[in-house]
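Here is what each chain is made of, one letter per residue.
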Amino acid sequence: MPFLENFQTESELFPVDVKTGAGESGYTAITLLNRGTYACTYRAVKNGRYYLLKSACGDSPAFPGILKREYEIASGLEHPNIASVYAFEAIPGLGPSIVLEYVDGMELTDFLGTRPIRQALSEIPI
């Protein structure tokens, strides 16, 4: 990736210890939204605002590193149809986590299950 070529190691970018997840976060009302193959997503509140937290879950010691690499790639993206990526933080109880913009709404598969009219389908931003 061109935007990462100037860095020698990942630790220069993100000093969070991906093994321990040590740190204080200030997030409250942490609610599990989805449990995937290597990561879990949670909705959380901090300073009166919702955030999406994505943390490694499962037994593989490789998962935190995969999550960290995902953050490195996603933090370089900016587009109105992509949730903003804010930080890579150690969250007590969750460990290393990607902090993202929380976008409320329904998943596309659920929306399509409502059999929307053609007009509603044409209004989905691409």
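Residues numbered from 1 in each chain as written. Predicted model: local features only at pLDDT ≥ 70, side-chain atom pairs only at ≥ 80, totals over all residues. Heavy atoms only, no water.

Chemist: What am I meant to see in the overall build of the protein chain here?
Modeler: Looking only at helices and strands, the protein chain features four helices and five strands. When its helices and strands are written in sequence order, the protein chain yields α-β-β-β-α-β-β-α-α. Among the 126 residues that make up the protein chain, the fraction classed as buried is 31%. Long-range pairs, those at least 24 residues apart, make up 45% of the contacts in the protein chain between residues at least 6 apart in sequence. Element-wise, carbon and sulfur atoms account for 53% of the exposed surface of the protein chain, whose accessible area totals about 8,600 Å². (Helix = DSSP H or I, 4+ residues; strand = E, 2+ residues; numbered from the N terminus. Buried < 20%, exposed > 50% of the residue type's maximum accessible area, 1.4 Å probe, protein only. Contact = heavy atoms within 4.5 Å. Areas by Shrake-Rupley, 256 points an atom, 1.4 Å probe, with all protein chains shown as cover.)

Chemist: How do you make sense of the pattern of salt bridges when you look at a structure like this?
Modeler: When the charged atoms of two side chains lie near each other, side chains of opposite charge can form a pair. In the structure shown here, the tally under the stated rule is two salt bridges. Of the charged contacts in the structure, one is a salt bridge between Glu 70 and Lys 54, with a shortest N-O distance of 2.7 Å. Taken together, the residues Glu 70 in helix α2 (residues 63-74) and Lys 54 in strand β3 (residues 49-56) connect sequence positions 16 residues apart. By relative accessible area, which is 24% here, Glu 70 ends up partly exposed. A salt bridge links Arg 69 to Glu 72; its shortest N-O distance comes to 3.1 Å. Of this pair, Arg 69 and Glu 72 both sit in helix α2, separated by three residues, roughly a single helical turn. Accessibility expressed as a relative area gives 32% for Arg 69, which makes it partly exposed. Assessed through its relative accessible area of 1%, Glu 72 is described here as buried. (Salt bridge = Lys/Arg side-chain N within 4 Å of Asp/Glu carboxyl O.)

Chemist: How should I be thinking about the sheet that holds strand β2 (residues 39-46) in this particular structure?
Modeler: Spatial strand order, β1-β2-β3-β5-β4: five strands in an open sheet with antiparallel pairing. Unpaired on one side and paired on the other, β1 (28-35) and β4 (85-91) mark the two borders of the sheet. The sheet shows a mean angle of 30° between the axes of neighbouring strands, direction not considered. Looking at chain direction, β4 and strand β5 (residues 95-101) are connected through six bridges and run antiparallel. Bridged to Ala 90 within β5 is Pro 96. (Pairing = 2+ DSSP bridges. Axes fitted to C-alpha atoms, helices over the stretch in contact; angles between N-to-C directions.)

Chemist: Can you walk me through the pairing of β1 in this structure?
Modeler: The side chains of a regular strand alternate, first on one face of the sheet and then on the other. When β1 meets β2, the two strands line up antiparallel, connected through five bridges. Within β2, the position partnered with Arg 35 by the bridge is Cys 40. Taking the residues that link successive antiparallel strands as the turn, the β1-β2 hairpin has three residues.

Chemist: Honestly, unusual backbone geometry in this entry has me stumped. Any pointers?
Modeler: For residues that are not glycine, phi is negative in most cases, and the peptide bond is trans in most cases. In this structure, Ala 29 is a non-glycine residue whose phi angle is positive, near 50°. Turning to its location among the elements, Ala 29 is positioned in strand β1. Phi at Asn 47 takes a positive value of approximately 55°, unusual for a residue other than glycine. Mapped onto the secondary structure, Asn 47 falls in the loop between β2 and β3.

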